[in-house]
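Structure at a glance
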Amino acid sequence: MCIQQRMEAKPATAMTVNRRQFFRNFANRREEIIRPPWSLPESHFIDICSRCSACVEICPEHIIKRGSGGFPEIDFHRNGCNFCGKCVTVCRDGALRKQPDQPPWRRAAVVAQSCISLHGVTCRACGDYCNEQAILFKIESRAVARPIIDETKCTGCGYCVKPCPVDAVTIKEITEDE
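Predicted model only: the values in this text are computed from it and were never measured.

**Focus: the layout of surface pockets**
- Empty space within the largest pocket amounts to approximately 370 Å³.
- Lining the largest pocket are 17 residues, and of these Ser39, Leu40, Pro41, Trp105 and Glu173 sit closest to its centre.
- Split by residue class, the lining of the largest pocket holds seven nonpolar, three polar and seven charged.

Here it is as structure tokens:
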């Protein structure tokens, strides 16, 4: 029997199926488009933004990139946002408007079920990078501490996204219901 025949004859194991399902889910995941801080609501933003890329070029954290259609998008896999406001300053179209006492956005970190701490592996990478100390780890008896997001402290800066070894942390919009 040749090697190819032996490989074809080998039955699929549960591990193979789980790994295949894992990568299929990872590949099919669609993330929400996040515009720069202080962006107008999406429909107005698209109408007003000229796609000049001034905000992309000035961002000191290099998290603003040209996205779909040339519109600026945030990529927290590059870094987090320090809310310096430089993107607003260079926006000549008015698609980014900083108002006094207005937060940059209503967003917060969310930890998915794929978090390895939720599966018994000690990891606190997201909490280590959280300047606001909004990610707490709840200790449970006979278990690894699990991450809890304090939305009253979380600014949605995204510094917790990049260090996550399994890409389990995302930044989501906070809706009125939450």
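Alright, that's what it looks like, and here's the rest.
**What about the packing of aromatic side chains?**
- Inspection of every chain in the model, using the stated rule, returns four aromatic pairs.
- Geometrically, the ring pair formed by phenylalanine 45 and phenylalanine 71 is tilted, given 6.5 Å between the ring centres and 55° between the ring planes. Placement of phenylalanine 45 in helix α3 (residues 42-48) and of phenylalanine 71 in the loop between β1 (64-66) and β2 (72-74) is noted, with a sequence separation of 26 residues between them. Across the pair, phenylalanine 71 and phenylalanine 45 agree in class, each one buried.
- Clustering of aromatic rings is evident, with ring pairs tying together Trp38, Phe76, Phe83 and Trp105.
- The ring of tryptophan 105 carries the charged tip of arginine 107 above its face, separated from the ring centre by 5.9 Å.

**A closer look at the pattern of salt bridges**
- Taken as a whole and judged by the stated rule, the model has five salt bridges.
- Close ionic contact of arginine 78 with aspartate 75 constitutes a salt bridge, the shortest N to O distance being 3.6 Å.
- When the shortest N-O distance is used, the salt bridge between glutamate 140 and arginine 146 registers 2.4 Å.
- The partly exposed category is assigned to glutamate 140, whose relative accessible area is 29%.
- The network of salt bridges with shared partners includes Lys65, Asp75 and Arg78.

Conventions we followed
Residues numbered from 1 in each chain as written. Predicted model: local features only at pLDDT ≥ 70, side-chain atom pairs only at ≥ 80, totals over all residues. Heavy atoms only, no water. 1 Å grid on protein atoms, 1.4 Å probe; cavity = no way out; pocket = protein on both sides within 12 Å on 5 of 7 lines; lining within 4 Å. Points joined across faces, edges and corners; volume = space filled by probe spheres on them. Nonpolar A, V, L, I, M, F, W, Y, C, P; charged D, E, K, R; others polar. Phe/Tyr/Trp six-rings, centres within 6.5 Å; stacked < 30°, edge-to-face > 60°. Helix = DSSP H or I, 4+ residues; strand = E, 2+ residues; numbered from the N terminus. Buried < 20%, exposed > 50% of the residue type's maximum accessible area, 1.4 Å probe, protein only. Lys NZ or Arg CZ within 6 Å of the ring centre and 35° of its normal. Salt bridge = Lys/Arg side-chain N within 4 Å of Asp/Glu carboxyl O.

Everything listed is a geometric property; what it means functionally is a separate question.
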